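Residue-level structural notes
The primary structure of each chain is shown beneath.
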Amino acid sequence: MGKSEEVVLLNYWPSPYGMRAMIALAEKGVQYEYVSVDVVNNKTQLLLQMNPVHKKVPVLIHNGSPVCESLVIVQYIDELWAGDAKPVFLPSDPYQRAQARFWAHYIDEIFEFGRKIWIKTGEEVEKGKKELVDSLKLMESQLGDKPYFGGEELGYVDIALVPYYSWFYTYEQFGNISIEAECPKLVDWAKRCMKKESVNKALPDPVKVHDFVVMLRKKFGVDS
Amino acid sequence: MANNNNNGDVKLIGAWPSPFVMRPRIALNIKSVEYEFLQEQFGSKSDLLLKSNPVHKKIPVLLHNDKPICESNIIVEYIDEVWSAGPSILPSDAHDRAVARFWAAYVDEKWFPNVRGAAAASSEEAKNAAVDQLKEGMALLEGAYVEISKGKDFFGGEKIGFIDIAFGSMLAWLRALQVMLGGVKLLDEEKTPGLCKWAAKFSADPAVKDVLPETEKIIEFAKLLVAKIKAAAASS
């Protein structure tokens, strides 16, 4: 790691999108500065300057140049920190790459389904529960008998999906469901990922995530 | 067109009015890859489509030697990677690639929903709100164009690239929308001069000109589509 590189990650700890970037950086062994931005209460000048279009985290700043959107960031990290026996996230075969990109893009919808469970009321919650469980079951069927979506090793789809594991407890509490009961193999997969330091360090305590959501609901005036 | 001997069997499931379908068509043209264009009937989905894209049931779907690839921007990346000998679509620099992917995602997630919103709005208020968002988006894209093109014709530089395809595929609908909304200016000589020049160059490009439909044809089609959307909303 001879070159002098400056890598900064702007993030907020509950963000599953930010966790993707953290896992990717850790897997590649990249040293970086973590800058926390409380996007709920106080978006900083640095964030607004680095991501003027969306004003969201995560933002990877590499030698002063920003990269935004979590999946774009993960691909950037994969491409830039390559070789030297480093792990590779996206397969080399174009068809396999297209499949991985497809599933990663699909996974972004899962967060929106889950969001209905904790921010909406009534029928919207029920809709969210069904959509969430259906989409997790679909991902579980994609996993099949492989240890990881990436095969023998953690890959792009694993990195895209595993952050949501820290949000399962929140979905379960507000939705009155058991994700382990619905998708046992997927939960097994998540626990397998959690044995890796890169994942373990990136994912927050699910109870803390739940408390964060309780605070958000109060802030948005949703009856708990 | 170069012969397809080594390219395998290439089919594209789609429909001529869809801007998302235009993207892989432009990409295949850039790479001089011949393909069979399987057009869906308006209002129904073929068995082949449902089998090839069971998750979203949407066009476009590229079938390369019968293997399906879905999601227009993902298909364009696939085309670029498989037919790597042809002119490249994604930039070669990793940061430029990240910027290209960022703006392609922006068009789909932030800009395009307002096109649909403006065209199918049920109230004057909703329509105006969508148009305002579109105009804001145009300003952002103008800024991006100026910064990324660095004085060249396209976002991709001297030739069409990933962002050009992602946003340029929207031009027929953009022009149609301007007419349908009674002369609203999205491409504005004063506010978006760069994009105005870019739009003309993009539309005239050999890889694009037979793919981008005439504005009139889109306006006709839009009427059918809006009626369908409104009927669906009324019955839900």
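What counts as what
Residues numbered from 1 in each chain as written. Chains lettered and ligands numbered in written order. Predicted model: local features only at pLDDT ≥ 70, side-chain atom pairs only at ≥ 80, totals over all residues. Heavy atoms only, no water. UniProt positions renumbered as here; feature names shortened; annotations may be inferred. Pairing = 2+ DSSP bridges. Helix = DSSP H or I, 4+ residues; strand = E, 2+ residues; numbered from the N terminus. Axes fitted to C-alpha atoms, helices over the stretch in contact; angles between N-to-C directions. Core = buried A, V, L, I, M, F, W, Y, C linked by side-chain atoms within 4.5 Å. Buried < 20%, exposed > 50% of the residue type's maximum accessible area, 1.4 Å probe, protein only. Contact = heavy atoms within 4.5 Å. Polar contact = N/O pair within 3.5 Å; in protein donor to acceptor, adjacent residues only side chain to side chain. Phe/Tyr/Trp six-rings, centres within 6.5 Å; stacked < 30°, edge-to-face > 60°. Lys NZ or Arg CZ within 6 Å of the ring centre and 35° of its normal.

Looking at an unreviewed UniProt entry, chain B carries the name glutathione transferase, with the source organism given as Linum trigynum. A UniProt comment under Sequence similarities (unreviewed entry) is attached to chain B, and it reads "Belongs to the GST superfamily. Tau family."

Chain A has the name Glutathione S-transferase in an unreviewed UniProt entry, where Linum trigynum is given as its organism. UniProt annotates chain A under Function (unreviewed entry) with the comment "Is involved in the conjugation of reduced glutathione to a wide number of exogenous and endogenous hydrophobic electrophiles." What UniProt states about chain A under its Sequence similarities (unreviewed entry) heading is, verbatim, "Belongs to the GST superfamily."

1. Here's the deal with the sheet that holds strand 4 (residues 67-70) of chain B
All names here are of chain B. Reading across the sheet, the four strands line up as 2-1-3-4 and stay open at both edges, with mixed pairing between neighbours. Two strands lie at the open edges of the sheet, namely strand 2 (36-39) and strand 4, each paired on one side alone. Averaged over all adjacent pairs, the angle separating strand axes in this sheet is 25 degrees, with direction ignored. One ladder, built from four bridges, connects strand 1 (residues 10-14) with strand 2; its direction is parallel. Across the sheet, residue Lys 11 finds its bridge partner in strand 2, namely Glu 36.

2. Quick notes on the nonpolar core
Residues Met 139, Tyr 171 and Trp 189 of chain A together with Trp 111, Phe 167 and Trp 198 of chain B are the most contacted members of the largest nonpolar core, which totals 157 residues. Looking at which element gives the most residues to this core, the answer is helix 4 (residues 94-119) of chain A, with 14 residues. Sequence-distant contacts of Trp 198 of chain B, that is, excluding residues within four places in its chain, are made with Tyr 145, Asp 153, Phe 154, Phe 155, Asp 164, Phe 167, Gly 168 and Leu 171 of chain B.

3. A few points about the side chain of Lys 116 of chain A
Residues and elements named next belong to chain A. Relative to the elements of secondary structure, Lys 116 occurs in helix 4. With a relative accessible area of 16%, Lys 116 lands in the buried category. Within the structure, the side chain of Lys 116 is placed 2.8 Å from the side chain of Glu 131, a separation counted as a polar contact. Setting aside its immediate chain neighbours within four residues, Lys 116 contacts Glu 124, Val 125, Lys 127, Gly 128 and Glu 131.

4. Some remarks on the packing of aromatic side chains
What the rule picks out here adds up to 25 aromatic pairs over all chains. When the centroid spacing of 6.3 Å and the interplanar angle of 55 degrees are considered together, the rings of Tyr 12 of chain A and Trp 13 of chain A count as tilted. Measuring from centroid to centroid gives 5.6 Å for Tyr 17 of chain A and Phe 111 of chain A, while their planes differ by 80 degrees, and the two rings are edge-to-face. Here the residue Tyr 17 of chain A occupies a position in helix 1 (residues 16-27), and Phe 111 of chain A occupies one in helix 4, the gap between them amounting to 94 residues. With a relative accessible area of 21%, Tyr 17 of chain A lands in the partly exposed category. By relative accessible area, which is 9% here, Phe 111 of chain A ends up buried. Its guanidinium or amino end placed over the ring of Tyr 95 of chain A, Lys 67 of chain B lies 4.4 Å from that ring's centre, counting from NZ or CZ.

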